[in-house]
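# Coordinate inspection notes
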Amino acid sequence: MAPVDTVRRARRRQVRPGRVALYLTLAAISLVMIVPFVWMLLTSVKTPGDIAAVPPRLFPTKWAFGNYVDALRAAPFATYARNSFVIAISHTLLNVVIASMAGYALARLRFRGSSLIFLGFVGALMIPTYTKILPEFLIVRFMPLFGGNDITGQGGTGWLDTWWALIIPGAVSPFSVFLFRQFYLDLPVELEEAARLDGLGELGIYARIMTPLVKPAFITVALLTFESSWNNFLWPLLVTKSDSLRVIQVGLSVFRTENDTQWAFLMAGTTLATVPMVVLFLIGQRYFVQGFATAGIK
Amino acid sequence: MSRQGLGRARRRAGLLMVAPALLHALIWIGIPLVAAVVLSFTSYDVLTPPRFVGLANFQDLLGDQVFRRAVLNTSVYTFFTVPVAMGIALLIALMLNTKLAGRAIFRTAIFIPQVTATIAVALVWLWIYDPRSGLANAILSFLGLDGPAWLSSTTWAMPAVIVVGIWQGIGLKMLIYLAALQSLPTDLYEAASVDGASKVRQFFSLTVPLLRPATFFVFVTSVIGAFQSFDQVYILTDGGPANSTTMMTYEIYKSAFREFRMGYACAQSLVLFAMLLILTLVNRRITGGDRGTR
């Protein structure tokens, strides 16, 4: 080991051209990835005059931080953001609880039909969103006894423009069930058996013994669920009409009309919609990366 | 309790615990899938009850020039975004798989577009592509070139959309490749070095075959993702100009929610499903599938 270490240390001392090229390449790629976000931030604090400037200026001549206040005043962004948070957090909680139970049962409690059910969940992963989205919309629209509908689902608007439509269809994703199962599979059988001998019920074993051991799985699934829920666009667009139920991704389009786009406001709003995910990513980076990687490798 | 009683308790608990998720999947995935198949044989505008029309929707599909264009566009988009982004992602992953200071910063920068909503991303790119005051043409004019009106040009709109797709898709592919690279057995490489295999030789004879499961996964999920991209087209081009960027998903959306032809939209969505299924199966054959993965 020792000679290798010395060689390595000696190598590190010289500046190798390959190394420099590697850093420069990576820095250039990172810059390309980041530029649109920098552009967004800078545009969000420009005056209309600076935005219309040809050729465009990178930095504003006058920093118009007031754009944020004006954007918040021009559209109910606080409401949009609240709605997005409520939906993303509900989806996260429901997914984590329901999918983890299912994943645990499929991984550790063999019962009749369990492998068939698991196959079903795996198959569900393959169905494109767009094959399901129309009938899902129709189920929401014709939900019996809601929104003025009669028992056959006729006469009213069902779950359209309600919290139900925004939350219930996305409450469990087969992908979460699948991920949880993979995580629970790796736990040792001895633990489970010891707990059973101590007289703990199956639910107790799941909740008190096994689940605390897969905390990273919970953080992973929670982050992934929050991300896809926060970024979802088409479904909330389809099932809501009223401003009080609009989510932030849909709400952004208010600044984009046929004739005139208010770029500064639009970019201020876009920044507001982007920042929570970026912050969450930076905080949970380790788990995010691990979760995506696990999903890929297993 | 007897041994049998224990087993029964376990089975009952298992069924109970899987029940909520199963019920949810049956209602929101099972029924919609069956309904999509049934509705594809009907003419249905939501307001009046569905009317059985047999194979008429599928016959209409065959003669639908716009949908044919959408299939072509989707294929072009997938062909350019998936392999190109995979190549770039693998290169970046190889670069990041060395001992580097600031590796986490590079990784974060490359991955961030992935966690950002496509809508937000598309809005920013809309601005970048603005012919008069956008960043793209500013850079081109700095180089002494005249940039096109990207999104309103039938020639340039598709490439512009593809660039956004590649840009946003690199992060996740890079990450999966990076994770796979880090789990490769180092002793094989040491043995290869001892045998005098060059780095290039090691890459093609060791790394590429060992990365096969990761490649299969990245390819399948990326193709499925690319075939279903909707948000950026919705914001960037609305399928235009002259249908040059319309995608299958966008046509499904238009048939269903602008023209209220639900049956026709279901038929279109089944074509999408069939294409994805065939692509996945073919790819499984070619790459040897996900053997070696769990």
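Residues numbered from 1 in each chain as written. Chains lettered and ligands numbered in written order. Predicted model: local features only at pLDDT ≥ 70, side-chain atom pairs only at ≥ 80, totals over all residues. Heavy atoms only, no water.

## Let's talk about the overall build of chain B
Convention followed: Per the convention used, a helix needs a DSSP run of H or I reaching at least four residues, while a strand needs a run of E reaching at least two, with both numbered from the N terminus. The globule rule used here is 2.2 Å times the number of residues to the 0.38 power, and the radius of gyration it is set against is calculated over C-alpha atoms. What makes two residues a contact is simply this: any of their non-hydrogen atoms within 4.5 Å. Accessibility throughout is a Shrake-Rupley quantity obtained with a 1.4 Å probe, and a residue counts as covered only by protein chains that appear here. Charge assignment in this entry is limited to Lys and Arg as positive and Asp and Glu as negative, and neither His nor the chain termini are counted. Here the site of a charge means atom NZ of a Lys, CZ of an Arg, CG of an Asp or CD of a Glu.
Counting secondary structure elements, chain B contains 13 helices and two strands. For chain B, the C-alpha radius of gyration of 24 Å lies well beyond 19 Å, the compact-globule estimate for 294 residues. Based on the C-alpha atoms only, the size of chain B along its principal axes is roughly 85 × 75 × 30 Å. The contacts in chain B between residues at least 6 apart in sequence include a share of 67% that link residues at least 24 apart. Counting every atom, chain B has about 13,900 Å² of accessible surface; 66% of that belongs to carbon and sulfur. Across chain B, the centroid of the 23 positively charged side chains sits 15 Å from that of the 13 negatively charged ones.

## Digging into the interface of chain B and chain A
Threshold: Buried area: the sum, over both parts, of the accessible surface (1.4 Å probe) that disappears when the two are put together. When a carboxyl oxygen of Asp or Glu lies within 4 Å of a side-chain nitrogen of Lys or Arg, that pair is called a salt bridge. Throughout this description, a polar contact denotes any pair of N or O atoms lying within 3.5 Å of each other; where both atoms belong to protein, one of them has to be capable of donating a hydrogen while the other can accept it, and for residues adjacent in sequence the pair is counted only when both atoms sit in side chains. Lys, Arg, Asp and Glu make up the charged group, whereas Ala, Val, Leu, Ile, Met, Phe, Trp, Tyr, Cys and Pro make up the nonpolar group; the residues left over, Gly among them, are polar.
Each partner contributes to the interface: chain B provides 89 residues, whereas chain A provides 93 residues. Between chain B and chain A lies a buried interface of about 8,100 Å² when both sides are counted; carbon and sulfur atoms form 79% of it. There are zero salt bridges connecting chain B and chain A. Here chain B is connected to chain A by 10 residue pairs in polar contact (both at pLDDT 80 or more). In terms of residues, the side of chain B that touches chain A owes the most to one element, helix 1 (residues 3-39) of chain B, which gives 23 residues. Among the residues making up the side of chain B that touches chain A, the classes are represented as 67 nonpolar, 14 polar and eight charged.

## Considering a positive patch on the surface
Quick reminder of the rule: Note on patches: the residues involved have over 30% relative accessible area and no salt bridge, like charges join within 9 Å, and the nonpolar side chains Val, Leu, Ile, Met, Phe, Trp and Tyr join within 5 Å.
On the surface, a cluster of positive charge is contributed by A:Arg112, B:Arg8, B:Arg11 and B:Arg12. If you trace the backbone, B:Arg11 turns up in helix 1.

## Section: the UniProt feature "domain: ABC transmembrane type-1" (unreviewed entry) in chain B
Here is the rule we go by: UniProt positions are given in the numbering used here, feature names are shortened, and annotations may be inferred rather than shown by experiment.
According to UniProt, the positions carrying the feature "domain: ABC transmembrane type-1" (unreviewed entry) are residues 71-283 of chain B. As annotated, residues 71-283 of chain B has a helix share of 75% and a strand share of 0%, and its two end C-alpha atoms lie 19 Å apart.

## Re the pattern of salt bridges
Filter applied, for reference: Under the scheme applied here, a residue whose accessible area is under 20% of the maximum for its type counts as buried, over 50% as exposed, and between as partly exposed, the area being computed with a 1.4 Å probe on protein chains only.
Taken as a whole, this structure holds seven salt bridges over all chains when the rule is applied. A:Arg108 is the partner of A:Glu192 in a salt bridge, and the nearest nitrogen-oxygen pair spans 2.8 Å. Highlighted residues: A:Glu192 in helix 10 (residues 189-197) and A:Arg108 in helix 5 (residues 77-108), separated in sequence by 84 residues. Taking relative accessible area as the criterion, A:Arg108 reaches 11% and is therefore assigned buried. Ionic pairing is found between B:Asp238 and B:Arg258, a salt bridge with its closest N-O pair at 3.9 Å. Of this pair, B:Asp238 sits in the loop between helix 11 (231-236) and helix 12 (248-257) while B:Arg258 sits in the loop between helix 12 and helix 13 (262-287), placing them 20 residues apart in sequence. According to the relative accessible area criterion, B:Arg258 is partly exposed, its value standing at 42%. Among the ionic contacts, a cluster of salt bridges with common partners joins A:Arg108, A:Glu192, A:Arg196 and A:Glu202.

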